Amino acid sequence: MSNKEKNIEENEILNENVAENAAAQQEESLTGEEQQRSELDEANEKIAELNDKYLRQVAEFDNYRKRTMKEKAELIKNGGERVMESILPVLDDFERALQNMSKDENAKEILTGIELIYNKFTSILKQNGLQKIETEGKDFDTDYHEAIAMVPAPAEELKGKVLDCVQTGYMLNDKVIRHAKVAVGE
């Protein structure tokens, strides 16, 4: 082979090597760009995941705050429930004493004094949210009444109605703390 042919052959080999190197560099640069895109996509996914986690935590905390505020308000509103429940027997005794004293002619002045005390006592309880459950002539309602007796109704329109109240029921701030014990017509 002549020098000229050798030079041509070497140039062809050199051109092939240059082309291969250029292709390899182009592949490496594409691989680098793809790798950067991949890393960018992963970072964006991580950001989205952390943002979602953050929003959930904020919503959870907001719900917790609202729930505790509601529970606190409920405790303040009905905090005296046990005290009121323990006072109810005293209120019942007051009512029985008034009924018995109204029958005695000699106790008129004492009755007047006790009525004043009773009225003052019930007004203080009302100011603190205690309400008497009305029963006379009302339809029987298990939310407010407890039937302790079924009595034959004297008239057809009194069936299912409260005929007599044996023990008064009370509500504290729209919550029943003692059901009224009643006799119901059947």
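As shown above, the structure is provided for reference.
Conventions used here
- Residues numbered from 1 in each chain as written.
- Predicted model: local features only at pLDDT ≥ 70, side-chain atom pairs only at ≥ 80, totals over all residues.
- Heavy atoms only, no water.
- Helix = DSSP H or I, 4+ residues; strand = E, 2+ residues; numbered from the N terminus.
- Expected span 1.5 Å × (residues − 1).
- Contact = heavy atoms within 4.5 Å.
- Phe/Tyr/Trp six-rings, centres within 6.5 Å; stacked < 30°, edge-to-face > 60°.
- Buried < 20%, exposed > 50% of the residue type's maximum accessible area, 1.4 Å probe, protein only.
- Pairing = 2+ DSSP bridges.
- Axes fitted to C-alpha atoms, helices over the stretch in contact; angles between N-to-C directions.

(A) View of helix H3 (residues 108-127). In this model H3 runs 29 Å from its N-terminal to its C-terminal C-alpha over 20 residues, within 8% of the 28 Å that 1.5 Å per residue would give. Turning to H3, the residues buried within the fold contact helix H2 (81-103) and strand S1 (130-132). Count one or two residues on from H3 and you reach glycine 129, which has phi positive near 100 degrees.

(B) Seen up close, the packing of aromatic side chains. Taken as a whole, this structure holds three aromatic pairs when the rule is applied. Between phenylalanine 61 and tyrosine 64, the ring centres sit 6.3 Å apart and the planes meet at 35 degrees, which makes this aromatic pair tilted. Here tyrosine 64 and phenylalanine 61 lie together in helix H1 (residues 3-78), a separation of three residues that amounts to about one turn. Under the relative-accessibility criterion, phenylalanine 61 is labelled exposed at 52%. We classify tyrosine 64 as partly exposed; its relative accessible area is 45%. Considering the side-chain rings of phenylalanine 94 and tyrosine 118, the 5.9 Å spacing of their centres and the 55 degrees angle between planes classify their relative orientation as tilted. Of this pair, phenylalanine 94 sits in helix H2 while tyrosine 118 sits in helix H3, and the two are 24 residues apart along the sequence. Taken as a pair, phenylalanine 94 and tyrosine 118 share a single burial class, namely buried. Members of the aromatic cluster, connected to one another through ring pairs, are Phe94, Tyr118 and Phe121.

(C) Focus on the sheet that holds strand S6 (residues 180-185). What the three strands build is an open sheet, ordered S2-S6-S3; its pairing is mixed. Each having just a single partner strand, strand S2 (145-151) and strand S3 (162-167) make up the two edges of the open sheet. Pairs of neighbouring strands in the sheet enclose a mean axial angle of 30 degrees, with direction left out of account. With six bridges connecting them, S2 and S6 associate as parallel partners. Bridge pairing in S6 links histidine 145 to alanine 180.

Interpretation note: all reported values are geometric properties and have no functional meaning in isolation.
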